[in-house]
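The lines below spell out each chain.
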Amino acid sequence: MKYAVITGASRGLGEAIAKRLIQEQIAVISVSRTENEELKKLAITNDLYYQHYSCNLSLEKEVQEVFMEISHRIFLKNPEEILLFNNAGMIEPIHTVGELDQTPILRNIKVNLVAPILITNIFLKKASITNSSIQIVNISSGAATRAIEGWSVYCSAKAGLNMFTQTTALEQAELKTKNKIITFSPGIMDTKMQETIRSSSKESFKDLEIFKEYKENGKLLSADLVAGALVDLVLCGKAESGRTYHISDLIN
Ligand SMILES: NC(=O)c1ccc[n+]([C@@H]2O[C@H](COP(=O)([O-])OP(=O)(O)OC[C@H]3O[C@@H](n4cnc5c(N)ncnc54)[C@H](OP(=O)(O)O)[C@@H]3O)[C@@H](O)[C@H]2O)c1
């Protein structure tokens, strides 16, 4: 049996990934602060293992405890393969550097960068002492490689995630494991994160009007479409470890 662990499955892209995986008969472990009841019902309907863990990913002690528990439980099941989606993310704080407050800066870096590093470290350690292999998908952003005024913290965290992924992939290749790790840039999707972006102020975010127009002109991608393309890539077994995949590589 395959098991998928998805952070941020309560809504948006994470929820869409979870739904698609359940349709593929893959057991799902969801991690976020709130539970998505629809996912639970869908798993029950499909007679599949599903478990939600409540975890605030900005609290490193909680991340360590919850993911030690999750990895212990999954690896005990001797799974055919483990899929780990480090998907949870946050855009705030949106401000010019000099106007930023310390607490939101730290929260952003912890959720977007520190948590995926801690989780990947726990899972690869467990994998090294068992026979199971893991595919890890770190959800990145175009903002990892393109500076966007007002988003300095988010851009920095996602750039760090890209480099962490590339470094880990090199190490796994050197160790000759079957584990793979990729980054995925999902494009601009119609999720709550975009609502947060549109509700920021023009003073703190120069491109505000452009992002409002994306919504008004129907330019935002649906999370279901993006999740479908990503899950197809992961399940086909041909993803190249260390690579960054963009949604535009996967759909026309
Ligand atoms: N939307 C876009 O246009 C876009 C573009 C490029 C990249 N991305 C990336 O795509 C991924 C998914 O984003 P989305 O658009 O689906 O965002 P979203 O709708 O805002 O969902 C964010 C998810 O992250 C979880 N999360 C946030 N903070 C958390 C915390 N402290 N602890 C635990 N979970 C937390 C939320 O769960 P709870 O609130 O229940 O905890 C939620 O499930 C993110 O990594 C984002 O950076 C999005």
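Per an unreviewed UniProt entry, the protein chain goes by the name Short chain dehydrogenase and belongs to Neobacillus massiliamazoniensis. Recorded under Subcellular location (unreviewed entry), the UniProt text for the protein chain is reproduced unchanged: "Cytoplasm". The UniProt entry for the protein chain carries the following comment under Sequence similarities (unreviewed entry): "Belongs to the short-chain dehydrogenases/reductases (SDR) family."

A. Focus on helix α8 (residues 223–236). Over its 14 residues, α8 runs 20 Å from end to end, which matches the ideal 20 Å to within 8%, given 1.5 Å per residue. By the burial criterion, the buried members of α8 are Ala-223, Val-226, Ala-227, Gly-228, Ala-229, Leu-230, Val-231, Leu-233 and Val-234. At its buried positions, α8 is contacted by α1 (12–23), β4 (81–86), β5 (134–139), β6 (180–185), β7 (244–246) and α9 (247–250). Positive backbone phi, at 80 degrees, marks Gly-237, one or two positions downstream of α8.

B. Molecular detail of the sheet that holds β4. Strand order in the open sheet made by the seven strands is β3-β2-β1-β4-β5-β6-β7, with parallel pairing throughout. Of all the strands in the sheet, the pair left with one neighbour each is β3 (50–54) and β7. Taking each pair of neighbouring strands and ignoring which way they run, the sheet shows an average axis angle of 20 degrees. Relative to β7, β6 runs parallel, the two being bridged by three bridges. Opposite Thr-183, over in β7, you have Thr-244 as the bridge partner. Together, β1 (2–7), β2 (27–32), β3, β4 and β5 form the strand contacts of helix α3 (residues 60–76), whose direction differs from that of β3 by roughly 165 degrees.

C. Molecular detail of the pattern of salt bridges. Evaluation of the coordinates by the stated rule reveals 13 salt bridges. Between Lys-2 and Glu-81 there is a salt bridge, with its nearest N and O atoms 3.6 Å apart. In this pair, Lys-2 is assigned in strand β1 and Glu-81 in strand β4, connecting sequence segments 79 residues apart. Glu-81 sits in the buried class, given a relative accessible area of 14%.

D. Summary view of the nonpolar core. Counting 33 residues, the largest nonpolar core has Ile-6, Ile-17, Leu-21, Phe-85, Val-137, Phe-184 and Leu-230 as its most contacted members. Beyond its immediate sequence surroundings of up to four residues, Phe-85 is in contact with Ala-4, Val-5, Ile-6, Thr-7, Ile-17, Leu-21, Val-137, Leu-230 and Val-234. By size, the runner-up hydrophobic cluster in this structure holds 29 residues, among which are Leu-84, Ala-88, Ile-119 and Ile-122.

E. Structural context of the packing of α1 against helix α2 (residues 37–45). Relative to each other, α1 and α2 sit at 5 degrees, their axes nearing to 10 Å. The angle between α1 and α2 falls in the class roughly parallel. Seen from α1, the contacting residues are Glu-15, Ala-18, Lys-19 and Ile-22; seen from α2, they are Glu-38, Leu-39, Leu-42 and Ala-43. Across the contact of α1 with α2, the residue classes break down as five nonpolar, no polar and three charged.

F. Local environment of the site of the ligand. The immediate surroundings of the ligand are formed by 29 residues, with Ser-10, Thr-34, Asn-87, Tyr-154 and Thr-191 found nearest. Within the backbone of Leu-57, a nitrogen or oxygen atom sits 2.9 Å from a nitrogen atom of the ligand. With respect to the ligand, the side chain of Lys-158 contributes an N or O atom lying 2.9 Å from an oxygen atom. In the complex, the protein chains occlude 96% of the 890 Å² of accessible area that the ligand would expose alone. Assessed atom by atom at 2 Å from the grid points, the ligand resides in the largest pocket. In terms of residue count, helix α6 (residues 192–198) provides more of the shell around the ligand than any other element does, three residues in total.

What counts as what
- Residues numbered from 1 in each chain as written.
- Predicted model: local features only at pLDDT ≥ 70, side-chain atom pairs only at ≥ 80, totals over all residues.
- Heavy atoms only, no water.
- UniProt positions renumbered as here; feature names shortened; annotations may be inferred.
- Helix = DSSP H or I, 4+ residues; strand = E, 2+ residues; numbered from the N terminus.
- Expected span 1.5 Å × (residues − 1).
- Buried < 20%, exposed > 50% of the residue type's maximum accessible area, 1.4 Å probe, protein only.
- Contact = heavy atoms within 4.5 Å.
- Pairing = 2+ DSSP bridges.
- Axes fitted to C-alpha atoms, helices over the stretch in contact; angles between N-to-C directions.
- Salt bridge = Lys/Arg side-chain N within 4 Å of Asp/Glu carboxyl O.
- Core = buried A, V, L, I, M, F, W, Y, C linked by side-chain atoms within 4.5 Å.
- Parallel < 35°, antiparallel > 145°, perpendicular 65-115°, else oblique.
- Nonpolar A, V, L, I, M, F, W, Y, C, P; charged D, E, K, R; others polar.
- Near = heavy atom within 4 Å.
- Polar contact = N/O pair within 3.5 Å; in protein donor to acceptor, adjacent residues only side chain to side chain.
- Areas by Shrake-Rupley, 256 points an atom, 1.4 Å probe, with all protein chains shown as cover.
- 1 Å grid on protein atoms, 1.4 Å probe; cavity = no way out; pocket = protein on both sides within 12 Å on 5 of 7 lines; lining within 4 Å.
- Sits in = over half its atoms within 2 Å of the grid points.

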